[in-house]
Structures are given as C-alpha cells and as structure tokens.
Amino acid sequence: MPSSTSALLLQASATLLLLLWLPGEAVVAEMAEQQQSCSRWDQPEGVDDRGLSQDGDVVIGGLFVVHNQPPTPDLSFIRKPDIKHCFSFQKQPYRLAHAMVFAVEEINRNPYLLPGVRLGYQILDNCSQYPWSLRAAMSLISGGNHSCKSTGPVRVIIGDASSTQTIMLSRTLSPLQVPLISYQASCACLSNRREFPNVFRTIPSDVYQARTMAHLAQRYGWTWVGAVVVNNDYGLLAVQAFRERAQATGICLAFFETLNRETLAQDVDRAATTVQMSSARVVLVFAWYTDVEVLLLELARRNVTGRQFLASEAWSTSSYLLNNPALRNIGNGVLGVAIRSAPIPGLEAHLRQLRPSSHPRDALLRELWREEFGCNPDSGSSSDSSSLPPCSGTESLEGVQSTFTDTANLRVTYNAYIAVYAAAHAFHSLLSCSPIEKTEMNRSHQCSSDYNISPAKLLQHLSQVNFTTQLGENFFFHGGDIPAVYDLVNWQEAPNGVLKYITIGRVEGSQLHLEDSAILWATGSQVPGSVCSESCPPGTRKANRKGEPICCFDCLPCADGEISNTTDSLTCERCPLEFWSNDRKNMCVPLTVEFLSFNDTMGITLTTVAVSGAVMTAAVAVVFLYNRHTPIVKANNSELSFMLLMSLKLCFLCSLLFIGQPTDWSCRIQQAAFGISFVLCISCILVKTIVVLAVFRSARPGSDSMMKWFGPGQQRGSVLLFTSVQVVICVAWLSLRPPMPHRNIGLKGSKIILECTLGSVEGFATLLGYIGLLAAICFLLAFFARKLPDNFNEAKFITFSMLIFCAVWIAFVPAYVSSPGKYAVAVEIFAILSSSFGLLLCIFTPKCFIILIQPHKNTKKYLLGKTDKIQK
C-alpha cells in the first residue's frame, strides 16, 4: 500500500540526515564541541539527565511519546535545540518506558535467557514528532547520546509508536539493517516485507481492526457509516482497509473527514459540522486520543447526541478520555477495538518503588513527581525554575491512584514488554549457538561470536523467534506481524458518574466473540440504526438511486406473479408455472383453480333460474295436459305444443351442464345438448308457424286445403328432420375436434381458469349458424302471419319470441368473446336462459292466461266466432 505524502517527504529528509550523520569533519568537530559542553540533545543546560539509560553488553533502544506537544522543531538536526518548551507530559507512555526497563531487569535476572550477557537500554522521548523521532533514532544507533557519558550503540529499537514515524525510520534505517520492533504502529502497509524488511511489531495490523469494525457494522445492520481519521498512514490506510471490506458487505461511507495535528482546530470544526449534518448515526474514528478529545469536546459543545462511535485501539481504552467529565454524555456507549489485555506480574511493584531520590539522573521521573505530588524535587538544582513547592523526592507512590501505576489492564504496555522479550530471544539464539550450529551457521553468516552482532544476522533471528511467554502463550512473528487478537470494549457510565470501559468480547483472527447483552449503546439499550435507506422488505426489490452510493436506494414492489423472499433483494423472481405471488409478493402460492361452480354465488343464481325455468315449463305442461281437451290447447296441433314444452324444458336443463368443473364428458355433451335442444325447440315453433299459415290459407274461400299435405305426421317428421341436421353437425364436430377441458393460465394471472375449449371454432359456428337460420326463417314466417285473427293466431307471439331470441343470441357473440374465464360460461348460460324464457313467456303466457284467468274464452264457439268474422 502507498504511504502518505508526508512520509515520502520525511524519507527524503531522513536520507539527507543519514548522509549528514556519517563520520565527517563537521560531525567530529560538533561532537568535540559537545564533549566540552557535556550537554545532551534532549535536555536543557544544567540538567543531569532526561532519559532512561543503562549500559550493557548488548544495548536495546526505545522510543516513546513521553511528551505530546513539542515546539517547532529545529530542522538542522545538528545544533541542539532548546526543548524547555517540549511539554504535555504523558504518564501512560512513561509507564511503557518503565515496562521496557522492567523487562530488561527481568531478563538480566533470568539465568536461562541470555546467560552471561547483560542487557542495557537507552530510552529517548520523541515528543510525538517526526524530526524528533528521527534524531533520537540516529542518536541511538550512533553509539552515543551526545553527553559526557555514553552507552554502546543499540542493536534494536523498540518503537516507534506512530505508523508514519515507523515508516520513516524503517526507510531511513533499512540500509543499515537496524531492526525496529514497534509496539503500537499498526498500519497495514508495514506488513509489506519488501518495503519494510526491518520492521517487526507486537501489535496486529490495522487490516484486522478495520475488518473487525466492518464485521460489527455488518452484524448490526449499519450500512451508512461515517469516518473521521487522522491524516497519516495510520488513519488513511485503516479507512482504506475498512472500505475494501465494507464494499464486499454492502456498507458505504457516508462521509470521510481527516484531522491534521498542525490544523487541528479547523479540521475538528469541519469534521464536527459533517458529523452533525450527516444522516449517518455510526461514526468510525481512527485517531490519536488527544485529537479525539478535541473532536468529542466540540461535538459535546454543539450538543450532538445519538451518535454511535466506533473507536480504534489508539483511544478506545484511553483513561485520559474516560476521566474527562466533559465527555460523559458524548462518550457513553462508545464501542471500540482494543489491544488485547495481558498482565505483567511484578510491574506494579516496580513502578511504585520508583523515587527521584533513588534515580537522580531520571529527569522524567522528576516530571512525574510534579504531576502526581504537585511539588518540585528539583528545588536544589540550579536549573529549577518551577513555582511549585519543593519536596525531597522520597515520597512513595504506594496508594497513589494514577494512570502511571494502574496495571489492571495493560495493553500497549504489554506490547512494549513482550517486544523486549522478542529482542532478547533473538539475541539468545544469535549468541548461544552450539559448536555444531556455529560451524554450520557461520557459513551462512547467521551466528555471531562475542558481542559483535551484525544487524543482518539479528534480523534473520528475529524473523525466526518462537518462544512461550510467561502467560503460556506461543509468541512468533509471521513475516513481521503477530496473529491478530483484540478485545472489544464498551464505554459505560459507572455508578459514580465516571466513564469506564468494560470488555464485551474478543477477536481472534477472523473469529468474533461478542456478548450483545452486555453492550450499552449510545442510544440506550436499543441497537442504533444507521442506514441511508431502510432495508427493502420481502416483496420488494432494491433500485439504486442515480448518482448516489449503493446504500441509497428505493424499494419497488414486485410485479404481479413475481416475488422476493429475502430482505434487500436486488431482483424479483417470477413464480413457476401454475403458481402466483401472494398479496405480500413474498411467496409463490398455487394458483386458485376457477370455474363456474355450483357453490359460488353466480353458479347458485344461474342454477336457481334454470331450475325455476324448468319448473315453470313443467307447470305449463301440467296446465296444458289437464286442459288438453279444451279448444285453445287442441288448436294448432297440441302435440307440437307438448313437444315445444319438452324442448324448452331441455333448454333450461341443458344450461346446468355448463356449471361445475369441466370434464371430458361434460365439455363434449354441453354444447351438443344445447344445440340439439334449441334446434328441437325452434323446429317446433317453425312447424307451428307453418301450420298457422297453412290453416289460414286453407280457410280462404276458393282455396284448396293445405292441411291434408301437412298433417300431424308431416309435422312430426319436419321437426325430426330439422333436428337431425343439428345432430349430424354435433356428431361431426365431436368426432373431429371435440371440446376439451383446458387450464387457462395466461387469461388471468392470479388464477387458473378451468374451461372447455371449443375444439373447433368452425363446428361451434356451424351449430350456432344452423340455430340462427331456423330462427330467422321462423321469424320471417311469423312476421308475415302477424295480422291474422288474434284469438286463433299464434304468429304475433311467435314473432315477439323470435325477436327476443334473435336479439339475445346476436348480443351473445361479442359478450361471449370478450368475457374471461367463467364469465364466458355465464354469458352462454344467460343467453340460453334468456332465450328460453322469451320463448316460454311469449308463446305460452297468452294461452295460460285464457285457460286460467279467462276460461270463458276457451271455447270452440268463441274461437269459431272470431273466424267467421274474419271470413265476412
């Protein structure tokens, strides 16, 4: 991964510095001058010592951020700067320095690790700035500390804390092959062994931290996350790793703000405005804890609430922030990734026994004394300019509650401690080769004799370090990294009103173990939501908004016949054949089979009407049968009247064949029964019309009787002849292409229409055409006979019945074609019933009226009287 521009510029400066550091007359003269003045680069005049140092056979260097706010650095790198104004003493980093001292002392007391070899240390303060860090590193590897008393050159440096400073030191010192073991530089770029072959670290790469945060966002459904990061390799590359992981899981960055130490006030103001205005409720913060303090204080001043902060390891466990009462509300609920916690037995006792009186050369300890006891142990020094009251320096740290002596949760401190042990084990394997190993390894220049340690050999042995820690854990480097292990912490308010962090989970590699019930969120007990668009429920699909991130979308409902059964579905899937989407569009259900049933309302209504028509027809037949010897029944061939009533009854009853689930036999018989019944009915009416015309023509004076040629036998034969033609049509239709049951899916998507196909449209058209032909002939004949005497003449009623019949069936054709599913069947049944009722009522109502209401007219004399009147 590329490093920041600042790191590249610093690398160029460092390379120049390296050239300046090489022996030369100017440097020699400068060192001679310094020997005369006996003053160190990192101390003002007159102060004995500002660092921690101890000579030894092998010396280890250390760089720690003991002061956080240095003055503008002197870029000459040669002239000693006045650092009287290097201020903001940090207790926790000073504890790290003493953890390194404690580890060295432990190793020196250990008879099995580096036996006969005395470790020394040289620890310097880098004041949290690149030039100071670089100058300190050069001082360490040069073998001197610019004072009258010097230690040997360091073989390995424990540091630096910052990723960018570690990058700079690595690129500067890699030509010299000086190993760096960082305890806090977590930039993912440092895993590149080609670019940083001399960097080892006891903190996992930020890749795993960023992946953990992306995993948390995915776990709690946060797809709209903001980011505020420090503008260096640590922040920029961490958010890059988070973005790469987040994109794979559908998480978007709502905003991305950077903080620069040099322009912190302006950057914090801009970032706070962005956080306040953004709809993102989860904010990822990768920054140093002092920068985070300024940001959180500004948000608290603006009364910004309801934001869930995801903290990086640089500030997630900072007691400096937790003890700030102004951050109690804004910081409550912070969820952070923390460096794993591990105990260091004996460290607390070591820290509490420290006293300036016992360590007169430790100026940093005196500065700690001023912070803890509010007094000045330098009261007797000529350099004392403090206004604090004097003290002896013999005060005890026992019982003092301080971040310096707090060893309950050692994180970065343990990293620095174990880094010293890693270096010690590398020295041990390098200096304690067996005779056989020495012979073999010296051939490849991997084993050193005496204390003439080659940096290249040390790098080789560091990469092969593998030992068991005092906690029983196996420690080794994979490349320059260690396996990823983190704690997950949550900031919660203690009963006394002070913020504290509790451990709620652990990360081991890619495995996340989390106790959800123990988390207190920024919004309370409810998990906060942070999305650009709410999740699309099942039954809808996501449609991205043009020009916006993929997390911002609209939810469109699935079309009919399509479903989505998952949240945030990108597409809707079409249901299989004979299935359809339910109302919520989240499940395919079997299509409802629809047909005109005897159980639904329409089927019951039509059945009732059909049965009523058949009953009425039967009632008329009973009336006619009871009065069969009366003139009005006997007139115009009573046999034809009974045949007509029988055919009408068949017409009513044949409509019932269209109701119910279609089957092979019902589809075949329903149209044939309909066609034959109606042809039989129309044939009877046609023959009756012919009889009327024949009777009246025969009744005229001078006319021959036509009835002898068209008697009852001929009438029955005519009916059978006309009907037989329809029978032939039906037989031919059913034989060639009969109607069949069909499951119609395309007609109405939500249902399967179970219907009878016509089989042959030509056959159905021929059937209807023949009925229409007979009806038209009957209508014309009846129309011509409509002015014959009323009481004896049925022609007028036949005309009206045929008019109704033809109107019904003419209207039937477009209605049938345009009606879907069972409604087409209902239209045909309605046409059958309407035309049947039209025939029944128009032809038989007048006769039943005379028979039942006006029986005095039902006489031969009355009928003949009318006839005589016409003849006259």
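As the structure is a prediction and not an experimental result, all values here were calculated from the model.

A.B. asks: Any chance you could break down the pattern of salt bridges for me, citing the residues and the numbers?
C.D. replies: Inspection of every chain in the model, using the stated rule, returns 22 salt bridges. When the shortest N-O distance is used, the salt bridge between Glu 578 and Arg 743 registers 3.3 Å. Taken as a pair, Glu 578 in the loop between strand 22 (573–574) and strand 23 (579–581) and Arg 743 in strand 26 (residues 741–744) lie far apart in primary sequence, 165 residues in all. For Glu 578, a relative accessible area of 30% puts it in the partly exposed group. If you follow the salt bridges from partner to partner, you end up with Asp 269, Glu 298, Arg 301 and Arg 302 in one network.

A.B. asks: Talk me through unusual backbone geometry; I want residue IDs and the actual numbers.
C.D. replies: Generally, phi is negative for residues other than glycine and the peptide bonds are trans, each holding for most cases. The omega torsion of the bond from Gly 159 to Asp 160 falls at 5°, within 30 degrees of zero and hence cis. By the element assignment, Asp 160 lies in the loop between strand 6 (154–158) and helix 5 (163–173). For Asn 303, which is not glycine, the phi dihedral falls at a positive 60°. Position of Asn 303 relative to the elements: it lies in the loop between helix 9 (289–301) and strand 12 (308–311). The backbone of Lys 585 shows a phi angle near 60°, a positive value even though the residue is not glycine. Within the fold, Lys 585 resides in the loop between strand 23 and strand 24 (588–590).

A.B. asks: Kindly report on the state of the cysteines, identifying the contributing residues and their values.
C.D. replies: This structure, assessed with the given rule, holds eight disulfides. Each disulfide pairs two cysteine sulfurs, and for Cys 252 the partner residue is Cys 551, the sulfurs being separated by 2.0 Å. Taking the sign of the S-S torsion, 90° for the link of Cys 252 and Cys 551, the bridge is right-handed. Placement of the pair is Cys 252 in strand 10 (residues 252–259) and Cys 551 in the loop between strand 19 (540–544) and strand 20 (553–557), with a sequence separation of 299 residues. Each member of the pair, Cys 252 together with Cys 551, is buried. The side chain of Cys 532 participates in a disulfide bridge whose partner is Cys 552; the two sulfur atoms lie 1.9 Å from each other. A torsion of 105° about the S-S bond marks the disulfide between Cys 532 and Cys 552 as right-handed. Of the two residues, Cys 532 sits in the loop between strand 18 (511–514) and strand 19 while Cys 552 sits in the loop between strand 19 and strand 20, which places them 20 residues apart along the sequence.

A.B. asks: Break down the environment of Thr 407 for me, citing the residues and quoting the values.
C.D. replies: Assignment of secondary structure puts Thr 407 in the loop between helix 13 (363–373) and helix 14 (412–431). The class for Thr 407 is buried, based on a relative accessible area of 17%. Sequence separation between Thr 407 and Ala 342 is 65 residues; the distance between their C-alpha atoms is 9.5 Å. If sequence neighbours within four positions are ignored, Thr 407 has contacts with Leu 347, Glu 348 and Leu 351.

A.B. asks: Tell me what's going on with the packing of aromatic side chains, and back it up with residues and numbers.
C.D. replies: Think of a pair of aromatic rings as described by two things: how far the centres are apart, and how the planes are tilted against each other in angle. For the structure shown, the criterion picks out 29 aromatic pairs. Geometrically, the ring pair formed by Trp 315 and Trp 491 is edge-to-face, given 5.5 Å between the ring centres and 85° between the ring planes. A residue pair is termed long-range when its members are at least 10 positions apart, and Trp 315 in the loop between strand 12 and helix 10 (319–322) and Trp 491 in strand 16 (residues 485–493) qualify at 176 residues. In this structure, Trp 315 and Trp 491 share a single accessibility class: buried. An angle of 80° between the planes, with centres 5.2 Å apart, marks the rings of Phe 475 and Phe 477 as edge-to-face. For the residue pair Phe 475 and Phe 477, the accessibility class agrees, reading buried in each case. It is Arg 193 that lies over the ring of Phe 200; its NZ or CZ is 4.8 Å from the centre.

Criteria and thresholds
- Within each chain, residues carry numbers counting from 1 in the order of the written sequence.
- Residues qualify for local features only when their pLDDT is at least 70, as the model is predicted, and side-chain atom pairs are given and counted only at 80 or more; totals for whole chains, interfaces and linings, by contrast, use all residues.
- Only hydrogens and water are set aside; all other atoms, that is, all heavy atoms of the structure, feed into the side-chain values.
- Any Lys or Arg side-chain nitrogen found within 4 Å of a carboxyl oxygen on Asp or Glu counts as a salt bridge.
- Strands here are runs of E lasting at least two residues and helices are runs of H or I lasting at least four, both read from the DSSP assignment and numbered beginning at the N terminus.
- Buried, partly exposed and exposed residues are distinguished by accessible area as a fraction of the type maximum, computed with a 1.4 Å probe on protein chains only: under 20%, between the cut-offs, and over 50%, respectively.
- Here, two cysteine sulfur atoms that lie within 2.5 Å of each other are counted as a disulfide.
- Residues are treated as being in contact if the distance between any of their heavy atoms lies within 4.5 Å.
- Aromatic rings from Phe, Tyr and Trp, taking only the six-membered ring of Trp, are treated as a pair when their centres fall within 6.5 Å; an angle between ring planes under 30 degrees marks them as stacked, one over 60 as edge-to-face, and anything in between as tilted.
- Only when the NZ of Lys or the CZ of Arg is both within 6 Å of the ring centre and within 35 degrees of the ring normal is a charge said to sit over the ring.

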